[in-house]
Amino acid sequence: MTGALDVNEFVAGYLVEVEEHLSASTANLLAVEAALRAGESSPRPIRELFRALHTIKGLSAMVGVEPIVDLAHGMETVLRAADRAAGSLSGSSIEVLLRGLRSIEERARALAEGKPVLPAAPELLAALTALDLAAAPSPPVPTIGADPEILAKLGPGERVQLAQGVAGGRRALRVDFTPSPARTAEGVNITTVRERVGKLAEIVKVVPLSVPASDGAPGGIVFALLVLTSAPDEEVARAAAADGVRALTVEPAVPPAVAALAEREPDEPVDREPQLRGVVRVEVARLDDALDKLSALVVTRFRLARAAAELRARGVDTRDLSEILREHDRTLRDLRGAIMRARMISVKELLERVPLVVRGLGRATGKQVRLEIDAGKAELDKAVAERVFPAIVHLLRNAVDHAIEPPAERRRLGKPEEGVVRVSCFERSSNQLELSVADDGRGIDRALVARRAGRPAPESDAALLDLITLPGLSTLDQATKTSGRGLGMDIVRRIAVEQLSGELAVSTSPGAGTTFTLRIPLTLTIVDAFSFLCGDQLFVTPVAGVEEVVEIDAARIIRGPAPGEARGGSMLPAAGEARGGSMLPAAGEARGGTMLPAAGEARGGTMLPAAGEARGGTMLIERRGEVVPLVDLGALFETGASPARRALVVRRHGAPFAFGVTRVIGQQEVVVRPLEDPLVRVPGVSGSTDLGDGRPTLVLDLVTLSGRLSAGRGGRGALVWVAS
Amino acid sequence: MAEILVVDDSRVMREMVVACLRAEQHGFAHAASGLEAIETLSLRPFDLVVLDLNMPDIGGLEVIEFIRGQDRLRSLPILVVTTRGDEESRARTLAAGASEFMTKPFTPDAILASVRALLQDGVAGAG
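The rules we used
- Residues numbered from 1 in each chain as written.
- Chains lettered and ligands numbered in written order.
- Predicted model: local features only at pLDDT ≥ 70, side-chain atom pairs only at ≥ 80, totals over all residues.
- Heavy atoms only, no water.
- UniProt positions renumbered as here; feature names shortened; annotations may be inferred.
- Helix = DSSP H or I, 4+ residues; strand = E, 2+ residues; numbered from the N terminus.
- Buried < 20%, exposed > 50% of the residue type's maximum accessible area, 1.4 Å probe, protein only.
- Contact = heavy atoms within 4.5 Å.
- Core = buried A, V, L, I, M, F, W, Y, C linked by side-chain atoms within 4.5 Å.
- Buried area = accessible area lost by both parts, 1.4 Å probe.
- Salt bridge = Lys/Arg side-chain N within 4 Å of Asp/Glu carboxyl O.
- Polar contact = N/O pair within 3.5 Å; in protein donor to acceptor, adjacent residues only side chain to side chain.
- Nonpolar A, V, L, I, M, F, W, Y, C, P; charged D, E, K, R; others polar.
- Axes fitted to C-alpha atoms, helices over the stretch in contact; angles between N-to-C directions.
- Parallel < 35°, antiparallel > 145°, perpendicular 65-115°, else oblique.
- Left-handed = near helix turned anticlockwise from the far one by under 90°.
- Phe/Tyr/Trp six-rings, centres within 6.5 Å; stacked < 30°, edge-to-face > 60°.
- Expected span 1.5 Å × (residues − 1).
- Arc of directions from axis to C-beta.
- Pairing = 2+ DSSP bridges.

Under an unreviewed UniProt entry, chain B has the name Response regulator and belongs to Sorangium atrum.

As annotated in an unreviewed UniProt entry, chain A carries the name histidine kinase and is attributed to Sorangium atrum. Recorded in UniProt under Catalytic activity (unreviewed entry), the annotation for chain A is "ATP + protein L-histidine = ADP + protein N-phospho-L-histidine."

Take a look at the structure:
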């Protein structure tokens with residue numbers, strides 16, 4: 001006898017599986033709702049919902065979470081009936097089932113946090129029991145032309161699914177896959193075939209068939225995949241490792257209305273069966289631990305390199321050691337890549353919750369909103385994903401609550417009653433993700449924003465963004481139920497810019513809509529960085545933020561007009577426009593020996609006047625016909641008298657900005673440690689790193705710094721060379 | 001020592017089954033779907049199948065019917081472990097050819113005892 005099963009061993013895995021099922025179920029339920037609005041039934045999503053709830057029930061019973069067993073059981077009963085009715089569910093069921101999913105989620109979260117798991121609410125269980133499934137009409141079941149052995153395995157839901165697909169313009173096909181030991185050895189099995197076929201077609205059913213054993217089917221089985229597709233036959237056959245495909249005839253038993261509606265959604269997501277073969281789920285804490293160990297290794301590598309350099313300087317032959325170090329570098333870089341990849345989640349996964357958010361907002365505001373999501377194939381670090389999601393929710397709230405007009409107003413304006421919110425995302429480079437939330441609403445009223453902020457009306461979108469991200473600003477007379485506290489764009493900016501070292505931009509057009517764009521790093525902790533000297537002080541900055549490193553030709557530095565009069569699109573406001581707060585910490589506030597100057601106290605030979613005092617104006621350099629403001633970082637940070645010989649060019653809101661440095665040392669990966677002390681958390685400094693000498697080196701966020709300097713936030717120190 | 005195929009679309013559930021049977025030193029293979037189970041069974045021999053009923057693509061009942069329709073697999077013991085504890089499900093499952101029916105949540109002792117008994121018998125109870 002083995003005694004009791006230690007369920008604690010399985011709780012973490014249980015929570016992961018429940019979360020996955022809940023996430024997929026929410027998406028499926030919203031798909032059912034959309035189909036219901038269009039007059040369609042939803043056999044596949046309902047089948048999957050049923051299965052997910054059934055699995056949650058079984059798992060919860062094993063782990064002993066009875067409240068979730070009760071909830072899942074109640075929902076499963078509703079869904080089983082709907083499945084038997086070929087995927088029909090009454091409209092009133094959706095809300096109750098969504099409440100059920102939320103209740104399960106709340107209880108799973110309580111379990112994860114070690115809190116008591118509350119019993120299922122009796123009124124919710126009663127509501128589930130009371131759902132009138134008979135109200136849902138069952139669609140007529142179509143006739144499918146296929147072998148009797150296959151027909152015997154097809155349920156009404158699958159027949160309807162095939163008929164809807166054909167009515168929507170796709171072909172219904174049968175394609176056979178024959179497994180064999182040889183194919184298995186090559187990695188071709190029913191799971192990989194499903195994955196490959198699933199990319200070209202919606203798999204409706206897979207039927208295993210007994211056949212006499214032969215060379216082709218030594219096991220005596222063949223899998224018949226019944227699919228809906230628009231792809232060429234040969235491609236489908238190739239994906240299934242089959243010789244060809246067979247067409248299935250489908251009698252048009254689907255009502256015309258359903259057929260017409262089915263055509264409107266050709267992008268019905270293909271088979272959503274999660275492909276989990278070969279996937280191991282790992283707790284994020286374990287990945288964090290691995291990353292910490294890796295970080296320690298990266299620092300040790302710097303120390304090794306430094307020790308080798310010292311040996312070389314003493315005349316020791318270090319060729320063997322150098323070779324080992326190079327190999328060590330390569331391995332470490334590979335290891336870093338492997339760990340970072342393991343931490344990545346798909347943006348699609350991140351955005352799975354968005355439809356539910358928009359649905360709730362639409363209902364709360366009484367607005368009709370259609371959500372379009374283009375998640376692309378990008379991936380980002382889970383830690384970044386968790387931090388950026390609240391910002392996405394803020395933007396969605398603003399879009400639905402503030403931007404999209406009520407249906408009557410849209411009608412009056414000649415717009416469709418249904419507003420559109422589009423969330424799209426793509427990877428800009430190997431280090432940066434661009435994520436935008438766009439609406440077709442009323443656009444931001446610049447005059448109103450300016451009035452509320454007590455400022456002049458902003459002329460550019462960038463200036464408008466500065467206003468709407470002022471803390472506490474709201475353009476609504478009353479806080480609404482959904483947004484609650486006005487725009488809250490300061491929070492979005494704080495997340496995007498300050499927490500993630502990213503960038504936020506807006507473009508808006510009266511009556512036509514607004515687009516907010518977030519540019520954020522894919523990962524946070526280990527980044528490729530330039531290290532450079534300003535005077536004798538070493539700094540680093542992420543490579544991702546630097547557009548170009550250029551030589552500074554002192555003879556070609558242009559003295560520009562006084563601030564506020566700059567030409568060529570590099571408009572710099574006067575220092576007097578600075579809004580509160582010092583850009584840089586006072587001297588002594590920075591930890592770890594990298595002292596920052598108090599504003600305006602710059603020492604050394606490169607003393608530069610404050611903006612407006614710069615011997616008649618700002619300093620600019622010319623780069624390929626573009627005028628670029630230039631600030632000497634050495635002067636800014638009072639790090640010595642060496643003149644700036646090179647410049648790191650960054651771009652913010654499309655405008656370039658150059659930072660003069662004494663010498664660029666090189667490019668290397670660094671581990672960024674956040675500056676946790678609020679006294680040293682300042683815009684422009686995103687963290688610190690250890691380059692192997694045991695002393696912290698500041699990691700500069702030059703994009704943010706350029707923004708602050710352009711805005712004149714630096715007070716006198718801003719300075720400074722606004723050699724531009 | 002026997003070769004056991006554990007079929008369940010839930011990884012946690014498969015791990016729980018294996019944890020309960022770990023003491024017996026059996027060999028275990030996993031299948032995450034009914035299709036994977038049928039493919040695996042067609043390509044190599046097993047002494048016992050522990051099978052869930054509710055799975056994507058094809059459910060456990062279809063897997064049982066398929067197994068019982070194959071001469072080579074007709075006497076393979078099948079232990080069904082399912083959340084469907086109602087009498088109708090039990091009757092349908094046994095009628096389809098399952099050797100034994102056990103509901104979730106199960107205890108390690110119960111599943112261990114069933115597996116021992118089925119392996120000793122070496123034949124399917126029904127079908």
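Structure shown, so let's carry the discussion forward.
With that settled, the discussion passes to the overall build of chain A. The helix and strand inventory of chain A stands at 23 helices and 24 strands. Split into buried and exposed, the 724 residues of chain A put 52% on the buried side. Of the contacts formed within chain A by residues at least 6 apart in sequence, a portion of 71% connects residues at least 24 apart.

Let's shift gears to the nonpolar core. Core analysis: the largest hydrophobic core is formed by 56 residues, its most contacted members being L89 and I104 of chain A together with F106 and I111 of chain B. Setting aside residues up to four positions removed in sequence, F106 of chain B forms contacts with M62 of chain A together with M13, V17, C20, V81 and I111 of chain B. In terms of nonpolar packing, the next biggest core, distinct from the first, is built from 50 residues, I345, L351, V492 and A496 of chain A among them.

Here we come to the interface of chain B and chain A. The interface of chain B with chain A comprises 35 residues on the first partner and 43 residues on the second. Together, the buried faces of chain B and chain A total about 3,500 Å²; carbon and sulfur atoms form 60% of this surface. A salt bridge links E65 of chain B to K153 of chain A, with the nearest nitrogen and oxygen atoms 3.2 Å apart. Connecting chain B to chain A are 10 residue pairs in polar contact (both at pLDDT 80 or more). Broken down by element, the side of chain B that touches chain A gets its largest block of residues, 7 residues, from helix 1 (residues 11–21) of chain B. Looking at the side of chain B that touches chain A residue by residue, the class counts come to 16 nonpolar, 7 polar and 12 charged.

All right, on to the packing of helix 1 (residues 8–37) of chain A against helix 2 (residues 43–63) of chain A then. The geometry of a pair of packed helices is captured by two quantities: the angle between their axes and the separation between those axes. Residue and element names in this part refer to chain A. It is the contact of helix 1 with helix 2, at a shortest axis distance of 9 Å, that shows an interaxial angle of 155 degrees. Regarding the angle of helix 1 to helix 2, the classification is roughly antiparallel. Handedness of the helix 1/helix 2 crossing: left-handed. Together, V11, Y14, E17, V18, H21, L22, S25, N28, L29, A31 and V32 of helix 1 and R44, P45, I46, E48, L49, A52, L53, T55, I56, L59, S60 and V63 of helix 2 make up the contact between the two elements. Classifying every residue of the contact of helix 1 with helix 2 gives 15 nonpolar, 5 polar and 3 charged.

With that settled, consider the packing of aromatic side chains. All names here are of chain A. Scanning all chains against the criterion turns up 3 aromatic pairs over all chains. With a centroid separation of 5.1 Å and 40 degrees between ring planes, the pair formed by F539 and F637 is classed as tilted. Residue F539 is located in strand 15 (residues 537–542), and its partner F637 is located in helix 21 (residues 633–637); the two are separated by 98 residues in the primary sequence. Among the residues examined, F539 registers a relative accessible area of 1% and is labelled buried. In this structure F637 comes out as buried when scored by relative accessible area, which is 1%. Here the aromatic residues F532, F539 and F637 are joined through ring pairs into a cluster of three or more.

Before going further, it helps to examine helix 5 (residues 108–121) of chain B. Residues and elements named next belong to chain B. Look at helix 5: 20 Å from first C-alpha to last across 14 residues, which is about the 20 Å you get at 1.5 Å a residue. Turning to helix 5, its buried residues are P108, I111, L112, S114, V115 and L118. Angularly, the buried residues of helix 5 cover 165 degrees about the axis, an arc narrow enough to put them on a single face. Across helix 5 from its buried face, at more than 90 degrees, point the exposed residues Q120 and D121.

Attention shifts here to the UniProt feature "modified residue: 4-aspartylphosphate" (unreviewed entry) in chain B. Mapped onto the present numbering, the UniProt feature "modified residue: 4-aspartylphosphate" (unreviewed entry) falls at D52 of chain B. Structurally, D52 of chain B is set in the loop between strand 3 (48–51) and helix 3 (60–68).

This paragraph deals with the UniProt feature "modified residue: Phosphohistidine" (unreviewed entry) in chain A. Using the residue numbers shown here, the UniProt feature "modified residue: Phosphohistidine" (unreviewed entry) corresponds to H54 of chain A. Structurally, H54 of chain A is set in helix 2. Leaving out residues up to four positions away in the same chain, H54 of chain A has contacts with E76 of chain A together with N54, T82, T83 and R84 of chain B.

The next subject is the packing of helix 16 (residues 382–403) of chain A against helix 20 (residues 489–499) of chain A. Residues and elements named next belong to chain A. Contact pair helix 16 / helix 20: the axes reach a minimum separation of 9 Å and the direction vectors enclose 150 degrees. Our classification of the angle between helix 16 and helix 20 gives roughly antiparallel. When you trace helix 16 past helix 20, the crossing you get is left-handed. In contact with R387, V388, P390, A391, H394, L395 and N398 of helix 16, helix 20 contributes M489, I491, V492, I495 and Q499. When its residues are assigned to classes, the contact of helix 16 with helix 20 shows 8 nonpolar, 3 polar and 1 charged.

Residues and elements named next belong to chain A. Checked against the element boundaries, A224 lands in strand 4 (residues 221–229). Considering only alpha carbons, one finds A224 and I150, 74 residues apart in sequence, at a separation of 8.2 Å. For A224, the contacting residues outside a window of four places in its chain are I150, R174, V175, D176, K205, V206, V207 and L209.

In this section: the sheet that holds strand 5 (residues 100–103) of chain B. Residues and elements named next belong to chain B. One open sheet holds the 5 strands; their spatial order is 2-1-3-4-5, and the pairing between them is parallel. Edge positions in the sheet fall to strand 2 (27–31) and strand 5, since each of these pairs with one other strand and no more. Neighbouring strand axes in the sheet, compared pairwise and without regard to direction, differ in orientation by 20 degrees on average. In terms of strand pairing, strand 3 meets strand 4 (residues 78–82) through 3 bridges, oriented parallel. Its bridge partner lying in strand 4, V49 is registered against I78. The sheet contacts of helix 2 (residues 34–43) involve strand 1 (3–7), strand 2 and strand 3, and relative to strand 1 the element is tilted by about 160 degrees.

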